[in-house]
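For reference, the chains in residue letters:
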Amino acid sequence: MSDAQSESEVNATPDVPIAIAILPGEPKSPTPDGPIAWWRAMFGPWFYMFRPSKCGFAVSRSPWFGMLSILLGSGLIGATSVLLFVLDGLRYHNWSLSVNNTQQVSERTFVESWSMLATPEFSPVVTTIVILVFAVVWGLVGSIVLGWTLLPVVHRFGGAFRSYLRSVVVAGAVVGPASVLVAAIGSLVVLVNDMREQRWATGTQELWYEEYLEGGTVWLGFLAAGLLFFWLVRAGIGARTTDVLPLQPLRCDECGYDLTHVSADGRCSECGIATAHSLDLSARRVGVEWETSVTLASWLGANRTLVFQPTAFYQQLTMRKGEGYAFRFAFWNCIAIGVASCVSILGMFIKEERNFGIDEFVGVTSFGFLVPCIVAWAINFVVGAIACVFALFWRIVPVFAHVSKVLQYESSFLLVIWIYFMGLAWTLVLFDDWMTKFLRDFLGVYFFSAELIFVLISVPALLIIWLRRIRRAMMLTRWSNF
Ligand SMILES: [Zn+2]
């Protein structure tokens, strides 16, 4: 397109509106990043325990006090562990008293129980201090790692390092609910132990539910981990609430060319696509069905389009609003993986014709659901964090807010990975004998090593495919005006 032509278009429409500021769902005016009372940041993890986004907001506005809250919280978790150890030791199984089922339980005083922490080298005081220091160091290391996975959620624009410091503090705020959960689940473990020792002392029968208690507490531990992950995402979202997306000139959706002074019914002078594609909400970025009606059908439809026609999906997706739908989509995918894993594992049990009782059934279904669900969620965030670092490095994403949304939708690739590995597992279950024979006779390898090599090749290959998909999605959405 010639210069003269674009010149005439400039004259034709001198005032193309800066549409970004008036898009629905965008805050009307930016709230300044004002300081916040120190105690709200320092005790935010407990004060706002049930309002994670408020907590994320509070600690990220006063990061130094937020950092102190990490030290405080992880120290508290260490102290709770010591206290639980002492409480657990108050009543103990005394093997030296008798071999009968009665009168084997002895009691210690609080100090006696505490002195059980002593080792041949160290006094209980030293051990307690070591545990506290250990907890604090792990609190900090954990915050640094978790902060990295939260970065795509927290980072909007500007310096990535500044965002990283904020996401570390926000990730560390999880010590608030974590300390309470550690105390609650730990107390439950102590109670269960105590109940058993009590029973040994009196020689009474085991109650029907007691056999579930240990598995139950482990299950609760996993559930707590899942809840904390969920909490972290909410806190991460809270840490950016006052950051409105920066105003940017209207861009060509295809190539990023500045369209501020180009007529809405013309063509981009850089790449030649119709400017309507970039400026008219009803032309290309019409939105996806999932973001207008959240149903099982639209969820399935979105997954199908994402896997088979990602270009079509990302060209339709509106980027500057509806991020909550993207998170909900990822959440649904993780739940689906949990349900499907549970069914698949039960299927394998039935195939092997194992007789399992009701307790085993409860165990398989509850763990078979919860563990894959949490693992899927964690994998999605770790891969997202890797992609986020690449995106920063490539500098391909001018509006970083888009990254978080893309990453959530890319969770559909989790389903592909799941199908791949479940297919593999089922092949092993169904053709175990045949494959063992084939590998040994024709390829001269043992089944186990072949399996290991296959997994070792598959994992990096799938990761590369996934990262390439994410990169492509970022490219397709980076210039979106909507
Ligand atoms: Zn263009």
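Residues numbered from 1 in each chain as written. Predicted model: local features only at pLDDT ≥ 70, side-chain atom pairs only at ≥ 80, totals over all residues.

*Asks:* Can you walk me through the overall build of the protein chain in this structure?
*Replies:* Each helix and strand counted, the protein chain has 18 helices and two strands in total. Looking at the 482 residues of the protein chain, the share that counts as buried comes to 30%. In the protein chain, the share of contacts with a sequence separation of at least 24, taken over all contacts with a separation of at least 6, comes to 74%. (Helix = DSSP H or I, 4+ residues; strand = E, 2+ residues; numbered from the N terminus. Buried ≥ 20, exposed ≤ 12 C-beta atoms within 10 Å, placed from the backbone. Contact = placed C-beta atoms within 7 Å.)

*Asks:* Which parts of the structure should I look at to understand helix 7 (residues 124-154)?
*Replies:* An α-helix turns once every 3.6 residues. As a result, residues three or four positions apart point the same way. The first and last C-alpha atoms of helix 7 sit 42 Å apart over 31 residues, in line with the 45 Å expected at 1.5 Å per residue. Where helix 7 bends most, the angle comes to about 40 degrees, and this point is tryptophan 148, followed within four residues by the proline proline 152. Of all the positions in helix 7, only Thr128, Ala135, Gly139, Ser143, Leu146, Gly147, Thr149, Leu150, Leu151, Pro152, Val153 and Val154 are classed as buried. Elements that come into contact with the buried residues of helix 7 comprise helix 5 (63-89), helix 8 (160-172), helix 9 (175-202), helix 10 (210-238), helix 15 (358-394) and helix 16 (401-409). (Expected span 1.5 Å × (residues − 1). Bend = angle between axes of the 7 residues up to and from the residue.)

*Asks:* Can you help me understand the environment of tyrosine 212 in this one?
*Replies:* Here tyrosine 212 shows up in helix 10. When the C-alpha atoms of tyrosine 212 and aspartate 359 are compared, they prove to be 7.6 Å apart, with 147 residues separating the residues in sequence.

*Asks:* I'm lost on the environment of serine 412 in this one. Help?
*Replies:* Among the structural elements, serine 412 can be located in helix 17 (residues 412-443). Expressed as a C-alpha distance, the spacing of serine 412 and arginine 304, which sit 108 residues apart in the sequence, is 8.5 Å. Not counting residues up to four positions away in its chain, the partners in contact with serine 412 are Asn303, Leu306, Val307 and Asn333.

*Asks:* Teacher, can you tell me more about the packing of helix 9 against helix 10 here?
*Replies:* The description of two packed helices rests on the angle between their axes and on the distance between the axes. At a minimum axis separation of 10 Å, helix 9 and helix 10 run at an interaxial angle of 175 degrees. The angle between helix 9 and helix 10 falls in the class roughly antiparallel. Counted together, Pro177, Ala178, Leu181, Ile185, Leu188, Val189 and Val192 of helix 9 and Leu213, Glu214, Thr217, Leu220, Gly221, Ala224, Leu228 and Trp231 of helix 10 form the full contact between these two elements. Residues belonging to the contact of helix 9 with helix 10 are distributed by class as follows: 12 nonpolar, two polar and one charged. (Axes fitted to C-alpha atoms, helices over the stretch in contact; angles between N-to-C directions. Parallel < 35°, antiparallel > 145°, perpendicular 65-115°, else oblique. Nonpolar A, V, L, I, M, F, W, Y, C, P; charged D, E, K, R; others polar.)

*Asks:* What exactly am I supposed to notice about the packing of helix 7 against helix 15 here?
*Replies:* Contact geometry of helix 7 with helix 15 gives a least axis separation of 8 Å together with a crossing angle of 70 degrees. Taken together, the axes of helix 7 and helix 15 are roughly perpendicular relative to one another. Relative to helix 15, the crossing made by helix 7 is left-handed. Two secondary-structure elements touch here, helix 7 through Trp148, Thr149, Leu151 and Pro152 and helix 15 through Phe381, Val382, Gly384, Ala385 and Cys388. Of the residues assigned to the contact of helix 7 with helix 15, the class counts are seven nonpolar, two polar and no charged. (Left-handed = near helix turned anticlockwise from the far one by under 90°.)

*Asks:* Please clarify how the nonpolar core should be interpreted in this entry.
*Replies:* The nonpolar side chains of soluble globular proteins are, as a tendency, buried together. Grouped together as the largest cluster of nonpolar side chains are 75 residues, with contacts concentrated most on Leu150, Val170, Ala173 and Leu232. Among the elements that line this core, the one with the most residues is helix 15, at 11 residues. For this core, the two domains that each supply at least three residues are domain 1 (38-238) and domain 2 (285-477). With residues up to four places along the chain from it excluded, the contact list for leucine 150 reads Ser167, Val170, Ala171, Leu232 and Gly236. (Core = buried A, V, L, I, M, F, W, Y, C linked by C-beta atoms within 7 Å. Domains from an automatic or database assignment.)

*Asks:* It is not clear to me how helix 14 (residues 323-351) should be interpreted in this structure. Could you clarify?
*Replies:* Relative to the 42 Å expected for 29 residues at 1.5 Å per residue, helix 14 spans 42 Å between its end C-alpha atoms, a close match to the ideal helical length. Listed in full, the buried residues belonging to helix 14 are Tyr325, Ala326, Phe327, Phe329, Ala330, Asn333, Cys334, Ala336, Ile337, Gly338, Ser341 and Cys342. The secondary structure elements touched by the buried residues of helix 14 are helix 10, helix 12 (296-308), helix 15, helix 16 and helix 17. Taken from the residues just after helix 14, glutamate 353 is the one with a positive phi, measuring 50 degrees.

*Asks:* Would you take a moment to explain the confidence of the model for the protein chain for this structure?
*Replies:* Detailed reading of predicted coordinates is not advised where the pLDDT is low. Of the residues in the protein chain, 88% have a pLDDT of 70 or more, and the chain-wide mean is 83. Mean pLDDT values over the elements of the protein chain span from 37, in helix 1 (residues 3-12), up to 95, in helix 12. Per-residue pLDDT stays below 50 along residues 1-32; that stretch engages in 35 contacts with residues further than four places along the chain or on separate chains. (pLDDT = per-residue confidence, 0-100.)

*Asks:* Can you walk me through the environment of serine 115 in this structure?
*Replies:* Topologically, serine 115 is positioned in the loop between helix 6 (110-114) and helix 7. Overall, the presence of 16 C-beta atoms within 10 Å leaves serine 115 in the partly exposed class. Measuring from C-alpha to C-alpha, the distance between serine 115 and threonine 127 comes to 9.7 Å, with 12 residues separating the pair along the chain.

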